[in-house]
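Overview (structure and organization)
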Amino acid sequence: MRADLKVLMIEDNPDIVESVSLVLKLRWPEARLVGAAEGGQGLAMVRSESPDLIILDLGLPDMDGFKVLEEIRSFTDKPIIILTARTGEMDRLKGLEMGADDYITKPFSHTELLARMRAVLRRAERFRLNGEIKPFITPHLSIDFANRTVIRDGQPVRLTPTEYNLLSYLVMNEGVVLTHRALLEKVWGEQYVGATDYLKVYIQRLRNKLERDPYAPEMFLTERGIGYKFVRPS
Ligand code: CA
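Residues numbered from 1 in each chain as written. Predicted model: local features only at pLDDT ≥ 70, side-chain atom pairs only at ≥ 80, totals over all residues. Heavy atoms only, no water.

What follows covers the pattern of salt bridges. Evaluation of the coordinates by the stated rule reveals 14 salt bridges. Salt-bridge contacts for Glu11 lead to Lys106; the nearest nitrogen and oxygen are separated by 2.9 Å. Remark: Lys106 occurs in the loop between strand S5 (102-105) and helix H5 (110-125) and Glu11 occurs in the loop between strand S1 (6-10) and helix H1 (14-27); sequence separation between them is 95 residues. For Glu11, a relative accessible area of 3% gives the class buried. The closest approach of N and O atoms between Glu163 and Lys209, which form a salt bridge, is 2.8 Å. With a gap of 46 residues between them, Glu163 in helix H6 (residues 161-172) and Lys209 in helix H8 (residues 196-210) connect regions that are remote in the sequence. What makes Glu163 buried here is its relative accessible area of 1%. Residues joined by salt bridges that share partners form a network here, namely Glu11, Asp57 and Lys106. (Salt bridge = Lys/Arg side-chain N within 4 Å of Asp/Glu carboxyl O. Helix = DSSP H or I, 4+ residues; strand = E, 2+ residues; numbered from the N terminus. Buried < 20%, exposed > 50% of the residue type's maximum accessible area, 1.4 Å probe, protein only.)

The subject of this paragraph is the domain arrangement of the protein. Domain assignment breaks the protein into domain 1 (5-125) and domain 2 (136-230). Here domain 1 and domain 2 have C-alpha centroids that lie 24 Å from each other. If you look at the interface, domain 1 gives 20 residues, while domain 2 gives 16 residues. Note on domain 1 versus domain 2: buried area summed over both sides is about 1500 Å², and carbon and sulfur give 45% of it. Taken as a group, Asp77, Leu96 and Arg123 account for 39% of the area that domain 1 buries against domain 2, more than any other trio of residues on that side. (Domains from an automatic or database assignment. Contact = heavy atoms within 4.5 Å. Buried area = accessible area lost by both parts, 1.4 Å probe.)

Right, let's talk about the sheet that holds strand S9 (residues 155-157) for a bit. Strands belonging to one sheet form pairs held by backbone hydrogen bonds; the direction of such a pair is parallel or antiparallel. The antiparallel open sheet is built from four strands, whose spatial order is S6-S7-S8-S9. Strands with a single pairing partner mark the edges of an open sheet, and in this sheet they are strand S6 (136-137) and S9. Two elements, S6 and strand S7 (residues 141-144), share two bridges in a ladder whose sense is antiparallel. Across the sheet, residue Phe136 finds its bridge partner in S7, namely Ile143. Across the face of the sheet, H6 comes into contact with S6, S7 and strand S8 (149-152) while running at roughly 100° to S7. Its contacts with the sheet place H8 against S7, S8 and S9, and it is angled at close to 55° to S8. (Pairing = 2+ DSSP bridges. Axes fitted to C-alpha atoms, helices over the stretch in contact; angles between N-to-C directions.)

Below, the structure is given as structure tokens:
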């Protein structure tokens, strides 16, 4: 991991911030934690501090956490882990749909948090070394793997690291059905092989951003009960 890792924690409970800060000092000394107790301040700090990773509490005093998430995603693709006391499936999926890379439910163990932080950072780094892979170019969609840029109908599209990694893996295996397990293991990491709901949400996110009609996909095809396949757009 990088030596100068900066983590921004947007969380109004000072006890949680303090305990996470302490755990990082002991178990991950290369990581430095900066904290914001409110959503507005957190948004300002995402810009001023440019953190490598953001941990976002959904229950904030001044703003709805989902709103904060939406605003962060409007200008950066930095990895975000949401921290929530809400355990409902809807909230979980809504967070992922809105661009979070992962979520943790409170109360959480520090070991769990550290494992998730390492996993999302690994994902953000993954596929960086594929400069030798030829760009994928079609009139509708182009991907320059060397520069991690995606162009749809002539317009650049911003993808989160996880979206980009999933897209890259699918495109590099064009025409091949990739199983849920293979996709989760390759893109998310070994500990996520059973998390098919993550995959479903992210496939839909790619469809929303890249398909002409997200509900009649031409590129990201479902192989029911098996996995997904990427097909070159016409
Ligand atoms: Ca809170």
